[in-house]
Amino acid sequence: MTQRRDLIITIDGPSGAGKSTIAKLLASRLGYTFIDTGAMYRGIAYAYKKREQSQQIAGLLQDLPIRFEFKGEAKVLLDGADISREIRTPEISLLASSLSQQMVVREYLYKVQREIGKHGGVVLEGRDTGSVVFPQAQIKFYLDADPVERARRRHLELTVKDGTSDLTKVKEEMSRRDKNDSERDIAPLVIPEGAMRIDTTGLAIEDVLRILLDHIAARGGE
């Protein structure tokens with residue numbers, strides 16, 4: 001059976017569960033576009049911080065010169081400058097989590113995400129892609145892992161990037177992020193209806209990818 005080119009595939013879950021890595025690999029394997037929704041929220045958070053929070057977020061969003069590119073590696077550009085690396089800090093992560101609790105921010109990005117993904121052929125990764133952004137997605141996954149394992153992975157990622165990450169601090173910040181995401185009133189982190197839950201604790205990346213590909217094939221995606 002030939003591979004379908006119009007599927008909308010969502011991958012949700014908490015930080016450190018392996019969503020971004022798996023989503024990139026899955027999109028590459030399928031020839032799909034990878035949409036990193038977390039990078040979009042981080043981009044808004046970075047812009048808000050850069051402007052020293054001198055205006056309400058709604059006003060900031062009206063004429064915000066921000067652009068998202070999802071050809072190959074996900075890129076976020078602000079005022080024409082690539083800020084893709086700058087948005088990957090714990091500070092921006094927590095600010096993004098806080099701002100995501102404001103409906104005006106979510107509606108702004110929902111519109112962008114739905115426009116990009118409406119024709120299918122996309123893999124979206126985030127915290128509410130299968131529950132809110134595309135509840136009609138044909139294929140949904142929810143990746144999770146033991147909290148200690150998630151913190152270790154996040155610590156390793158940050159250490160590779162700048163060599164200054166502290167594991168204890170990473171655990172504390174991840175705990176706060178989990179609490180914010182799970183308890184917020186607007187689009188809380190949940191397992192989307194119809195999603196396949198996968199515990200990635202102790203699994204190699206290729207093992208997780210194979211589970212996803214097998215599930216897609218079983219659902220008629222290939």
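Shown above is the structure to which this text applies.
Residues numbered from 1 in each chain as written. Predicted model: local features only at pLDDT ≥ 70, side-chain atom pairs only at ≥ 80, totals over all residues. Heavy atoms only, no water.

## Side note on the sheet that holds strand S5 (residues 81–82)
- Across the sheet, three strands lie side by side as S3-S4-S5; this open sheet has antiparallel pairing. A strand with exactly one partner marks an edge of an open sheet, and here the two such strands are strand S3 (66–69) and S5.
- Where S3 lies against strand S4 (residues 75–78), four bridges are found, and the strand directions are antiparallel. Pairing of Arg 67 across the sheet is with Leu 77, part of S4.
- Packing of helix H2 (residues 37–50) onto the sheet brings it into contact with S3 and S4, and relative to S4 it is tilted by some 25°. (Pairing = 2+ DSSP bridges. Helix = DSSP H or I, 4+ residues; strand = E, 2+ residues; numbered from the N terminus. Contact = heavy atoms within 4.5 Å. Axes fitted to C-alpha atoms, helices over the stretch in contact; angles between N-to-C directions.)

## Structural notes on unusual backbone geometry
- One non-glycine residue, Asp 79, adopts positive backbone phi at about 55°.
- Take Asp 79: it is sitting in the loop between S4 and S5.
- Of note in the backbone geometry, Ala 187 takes a positive phi value of approximately 45° without being a glycine.
- Positionally, Ala 187 belongs in the loop between helix H8 (167–183) and strand S8 (196–199).

## Some thoughts on the side chain of Glu 173
- Structurally, Glu 173 can be placed in helix H8.
- With residues near it in sequence (within four places) discarded, Glu 173 still touches Pro 90 and Leu 94.

## Notes on the pairing of strand S1 (residues 8–12)
- The buried fraction of S1 amounts to five of the five residues, a majority that puts the element mostly inside the structure.
- Residues Ile 8, Thr 10 and Asp 12 of S1 are buried on one face, and the alternating residues Ile 9 and Ile 11, pointing to the opposite face, are buried as well.
- Where S1 meets strand S7 (residues 139–144), four bridges bridge the pair, whose relative direction is parallel. Following the sheet pairing, Ile 9 is matched in S7 by Ile 139. (Buried < 20%, exposed > 50% of the residue type's maximum accessible area, 1.4 Å probe, protein only.)

## Observations concerning the packing of H2 against helix H4 (residues 90–99)
- Relative orientation of the contacting elements H2 and H4 amounts to 100°, with a least axis distance of 8 Å. Put simply, H2 runs roughly perpendicular to H4. For the pair H2 and H4, the contacting residues are Tyr 41, Arg 42, Ile 44, Ala 45, Tyr 46, Tyr 48 and Lys 49 in the first and Glu 91, Ile 92, Ser 93, Leu 95, Ala 96 and Leu 99 in the second.
- Taken together, the residues that form the contact of H2 with H4 break down as nine nonpolar, one polar and three charged. (Parallel < 35°, antiparallel > 145°, perpendicular 65-115°, else oblique. Nonpolar A, V, L, I, M, F, W, Y, C, P; charged D, E, K, R; others polar.)

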